[in-house]
Amino acid sequence: MENILNFPVTTMKNRNVPKIKFYEKSTGKALRECLTREFESITWLYKLAPTTLNVEDGKNVHEIDGFYCKMKRDKYSINSFCALDGLVPRHTFFIIEHCGKYDLLMHHKEMTIVKGEQVWIRGGTEMKNNITIDADTLKIQGQSMDAVYSSLLSQISGLSISTEEEYKIQADLRRQIEKKNGQVDSLQRKIKAEKQFNRQIEMNTVVRKLKKDITLLTDKMNNHET
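Residues numbered from 1 in each chain as written. Predicted model: local features only at pLDDT ≥ 70, side-chain atom pairs only at ≥ 80, totals over all residues. Heavy atoms only, no water.

(A) Structural context of the nonpolar core. Y46, L48, I64, F93 and I95 are the most contacted members of the largest nonpolar core, which has 38 residues in total. Mapped onto this core, the elements with two or more residues apiece are β2 (39–48), β3 (64–71), β4 (91–98), β5 (101–114), α5 (145–157), α6 (164–193) and α7 (197–222). Tallying contributions element by element places α6 first for this core, with seven residues. Those residues in contact with F93 that lie beyond four places of it in its chain are L5, F7, Y46, L48, I64, D65, G66, F67, L105, M106, L138 and L152. Membership of the second largest hydrophobic core comes to 19 residues, among which are F67, C69, Y76 and L87. (Core = buried A, V, L, I, M, F, W, Y, C linked by side-chain atoms within 4.5 Å. Buried < 20%, exposed > 50% of the residue type's maximum accessible area, 1.4 Å probe, protein only. Helix = DSSP H or I, 4+ residues; strand = E, 2+ residues; numbered from the N terminus. Contact = heavy atoms within 4.5 Å.)

(B) Broad picture of the state of the cysteines. Applying the stated rule across the entire model yields zero disulfides. Not part of a disulfide, C82 finds its nearest cysteine sulfur in C34, a span of 11 Å. C99 forms no disulfide, and the closest cysteine sulfur to it belongs to C69, at a distance of 15 Å. (Disulfide = S-S within 2.5 Å.)

(C) Representation of the sheet that holds β5 within the structure. Overall, mixed pairing links the six strands, which are arranged β1-β2-β3-β4-β5-β6 in an open sheet. The open sheet is flanked by β1 (12–16) and β6 (117–128), the only strands paired with a single partner. On average, adjacent strands in this sheet sit at an angle of 20° to one another, irrespective of strand direction. With 10 bridges joining them, β5 and β6 adopt antiparallel strand pairing. Counted as the bridge partner of T112 is V119 from β6. In the packing of helix α2 (residues 29–38) onto the sheet, the strands contacted are β2 and β3, and the crossing angle to β2 comes to about 100°. Along the sheet, α6 contacts β5 and β6; its crossing angle with β5, the most-contacted strand, is approximately 115°. (Pairing = 2+ DSSP bridges. Axes fitted to C-alpha atoms, helices over the stretch in contact; angles between N-to-C directions.)

(D) The packing of aromatic side chains, seen in detail. Overall, the coordinates contain six aromatic pairs when judged by the stated rule. A centroid spacing of 5.2 Å and a plane angle of 45° characterise the contact between F39 and F81, whose relative ring orientation is tilted. In this pair, F39 sits in strand β2 while F81 sits in helix α4 (residues 78–86), placing the two residues 42 residues apart along the sequence. Ring geometry for F67 and F94: centres 5.8 Å apart, planes at 25°, overall stacked. One end of the pair, F67, is in strand β3; the other, F94, is in strand β4, with 27 residues separating them in the sequence. Each residue in the set F39, F67, Y76, F81 and F94 is aromatic and connected to the rest through ring pairs, giving one cluster. We note K13 situated over the ring of W44; from NZ or CZ to the ring centre the distance is 4.9 Å. (Phe/Tyr/Trp six-rings, centres within 6.5 Å; stacked < 30°, edge-to-face > 60°. Lys NZ or Arg CZ within 6 Å of the ring centre and 35° of its normal.)

(E) Looking closely at a nonpolar patch on the surface. A cluster of nonpolar side chains, namely V114, V119 and I121, defines an oily patch on the protein surface of about 220 Å² accessible area. Along the chain, V119 falls in strand β6. According to the relative accessible area criterion, V119 is partly exposed, its value standing at 32%. (Patch = residues over 30% accessible without salt bridge, like charges linked within 9 Å, V, L, I, M, F, W, Y side chains within 5 Å. Areas by Shrake-Rupley, 256 points an atom, 1.4 Å probe, with all protein chains shown as cover. Salt bridge = Lys/Arg side-chain N within 4 Å of Asp/Glu carboxyl O.)

What follows is the structure, given as structure tokens:
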């Protein structure tokens, strides 16, 4: 497999990962069926670490693995990548090829200690769809693994962040905005169908309040307020 992201040669692993490796770790049949049905191959393409990047180790991030997944069809399930990521005890990102098109996928992940054991908590899914693969697709930036991870997360999510804490705040604001936008769309459909004028007025009042909230949240995102 070629170095499609033009990362430092020292980060290249280029190792095929047999799907049975994931079968053995999975407790259910759903992932096995999905891997068989949708995945043509999985390649551990990159290992980003202090030793391969010549950067400082991070407080929270010590290694980031990049997997190249070639799919059998154009459509694929995001849930399968959630399940795959849950089986890898490291930070990860995925390059997904499907019928000549490419996507980038990354979950926000954190490692914590529960009853003396390491437990990985997977957060939201971030994606860039139909990307152009070239030297500028994804850039490695930062002098520590924490900074490198935050930079990758920023590039894939589209959020302007430089730390994981900033990501959590920005992602939460984005979720609130998306939820309120959904409420506005739902109410506007109901207003069009509503026959009673008084009821239309009530719902329009709620819509105006929601739009005001959306504006405030958007300003907060843009100004990086916390």
